[in-house]
Structure formats: C-alpha cells, structure tokens
Amino acid sequence: MRGQAGFSLFELLLVIVILSIVGAGFSKFFVESTNTYAWMSQQADLSPAVRLAVGRSLREISMIKDTSSVYAMTDRSLAFRNTAGDSIAFSWNGTAGGSLMFTKNESAFTLATNVDSLGFSYLNSLGGTAATAAQMRRVVMSLRLARGTHKVMNGSSVYVRNS
C-alpha cells in the first residue's frame, strides 16, 4: 500500500500542534471579551445608580431653608429642614454593602444599595472646614458603590442658602 495518498504521522502531529496554538490564542481572546462584557455590565448597573443618588441628594440639600435649619451634620449623615418645612435626612450606617437612606418626614426610602463609602464635607465661605452649621456655605458629597471588585464613585457639591 505504498502508493496510496495520505498524510504521515508527522504531518498530522504538526497540524494538531498548530491548531492547538491558534485555539489557545482564540480562547484568550474569548476570555478577555467575556471579562470586558462582565465589567461593562457592572458599570452599566452602578453608574446610573450612583449618579441618581448623588443628584437627588444634592437637589434636596440645595433646598436647605437656611443654615439654622441644619440639625445634624456628620461625615456619613446630614439632617435638615427644607424650604417647605419638611424634615430631610441622608444617612449610611458605615457598613460596606449597606444602603444610602433618604428620609423625608419620617418616611425612609433607599436611594442606593451596595454603598462602599459615603462622605459629606462641610465648607465655610473661605473653603475651609465648617465647624458648625452656622459656618456652612457649601456641602460636598462623595458616594462610592461597589459590587464585587467593581467600584464606581461620584461626587459633587452644592451651595447652601444663607440665613
């Protein structure tokens, strides 16, 4: 059977090795594509949530009646009366994965879940730290949400009405 056409064992092994190398390259590309998709999905979930929570918070904070209407201000919470006389509070318990709570007239709502950090800073008219509510002229808020190893942060500031 010497005259029959066919492939030798060496040729078959060579083709198997080449296909294995090409397959390994494609599998790496596939894994990277899958990881990118997972990252983008997390981004798509967390980004709007953090923007919505910060935006809503700052809109409410901009409605502080005056600095004498602020009755609690810490690095993780803020409570005040707005121009309509409503009691408003924002708080986070400090536990990673907890919720940013918005309370209006004793009714609590969740503004964001998966909170990794929340920070309020209170600035005076010179840009330094305000020691009391009476000195406060601007509120700076930063919020970070996390799901797994993926984290998204947003922050902004708003000026407070003077008394």
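Because the structure is a prediction, the values reported are computed rather than measured.

**Re the overall build of the protein**
Next up, step 1: Per the secondary structure count, the protein includes one helix and seven strands.
Next up, step 2: Going from N to C terminus, the protein has its helices and strands arranged as α-β-β-β-β-β-β-β.
Next up, step 3: Rg of the C-alpha trace for the protein: 28 Å, well past the compact-globule value of 15 Å for 163 residues, more than 25% over.
Next up, step 4: With respect to the principal axes defined by its C-alpha atoms, the protein has extents near 105 × 35 × 25 Å.

**Quick notes on the packing of aromatic side chains**
Next up, step 1: One pass over the full model with this rule turns up three aromatic pairs.
Next up, step 2: Summarising the aromatic geometry, the rings of Phe120 and Tyr122 are spaced 6.4 Å apart at their centres and angled 15 degrees between planes, so their arrangement reads as stacked. You'll find Phe120 and Tyr122 in the same group, each marked buried.
Next up, step 3: Among the aromatic residues, ring-to-ring pairing joins Phe90, Phe102 and Phe109 into one connected group.

**Regarding the pairing of strand β7 (residues 150-159)**
Remember that side chains alternate between the two faces of the sheet whenever the strand is regular.
Next up, step 1: Here ten bridges tie strand β6 (residues 138-147) to β7, and the two strands are oriented antiparallel to one another. Counted as the bridge partner of Arg147 is His150 from β7.
Next up, step 2: Count of turn residues in the β6/β7 antiparallel hairpin: two residues, of which Gly148 carries a positive phi of about 65 degrees.

**Observations regarding the nonpolar core**
Next up, step 1: Within the largest apolar cluster, 31 residues are counted, with the highest numbers of intra-cluster contacts made by Ile61, Leu100, Phe120, Val139 and Leu143.
Next up, step 2: Looking at this core, the elements that each hand over two or more residues are α1 (9-61), β2 (77-81), β3 (87-91), β4 (98-104), β5 (107-123), β6 and β7.
Next up, step 3: Not counting the four nearest positions on each side in its chain, Val139 is found in contact with Ile61, Leu78, Phe120, Ser121, Tyr122, Ser156, Ser157, Val158 and Val160.

**So, the pairing of β3**
Next up, step 1: Summarising the sheet, β2 and β3 pair through five bridges and their orientation is antiparallel. Note on β3: the bridge partner recorded for Ala79 is Ala89.
Next up, step 2: Across four bridges, the pairing between β3 and β4 is antiparallel. Looking across to β4, one finds that Phe90 is bridged to Phe102.
Next up, step 3: The turn joining β3 and β4, which pair antiparallel and follow one another in sequence, is formed by six residues; a positive phi near 90 degrees is taken by Gly94.

**As for the environment of Ser117**
Next up, step 1: Along the chain, Ser117 falls in strand β5.
Next up, step 2: A C-alpha to C-alpha distance of 8.6 Å links Ser117 and Arg76, two positions 41 residues apart in sequence.
Next up, step 3: Excluding residues that lie within four positions of it along the chain, Ser117 makes contacts with Trp92, Ser142, Leu143 and Arg144.

**Topic: unusual backbone geometry**
Next up, step 1: Of note, Asn105 is a non-glycine position whose phi angle comes to about 50 degrees, a positive value.
Next up, step 2: If you check the backbone angles, Asn114 has positive phi at about 60 degrees while not being a glycine.
Next up, step 3: Along the chain, the position of Asn114 falls in strand β5.

Definitions and limits used
- Residues numbered from 1 in each chain as written.
- Predicted model: local features only at pLDDT ≥ 70, side-chain atom pairs only at ≥ 80, totals over all residues.
- Heavy atoms only, no water.
- Helix = DSSP H or I, 4+ residues; strand = E, 2+ residues; numbered from the N terminus.
- Rg over C-alpha atoms; globule rule 2.2 N^0.38 Å.
- Phe/Tyr/Trp six-rings, centres within 6.5 Å; stacked < 30°, edge-to-face > 60°.
- Buried < 20%, exposed > 50% of the residue type's maximum accessible area, 1.4 Å probe, protein only.
- Pairing = 2+ DSSP bridges.
- Core = buried A, V, L, I, M, F, W, Y, C linked by side-chain atoms within 4.5 Å.
- Contact = heavy atoms within 4.5 Å.

Just distances and angles here, no functional claims.
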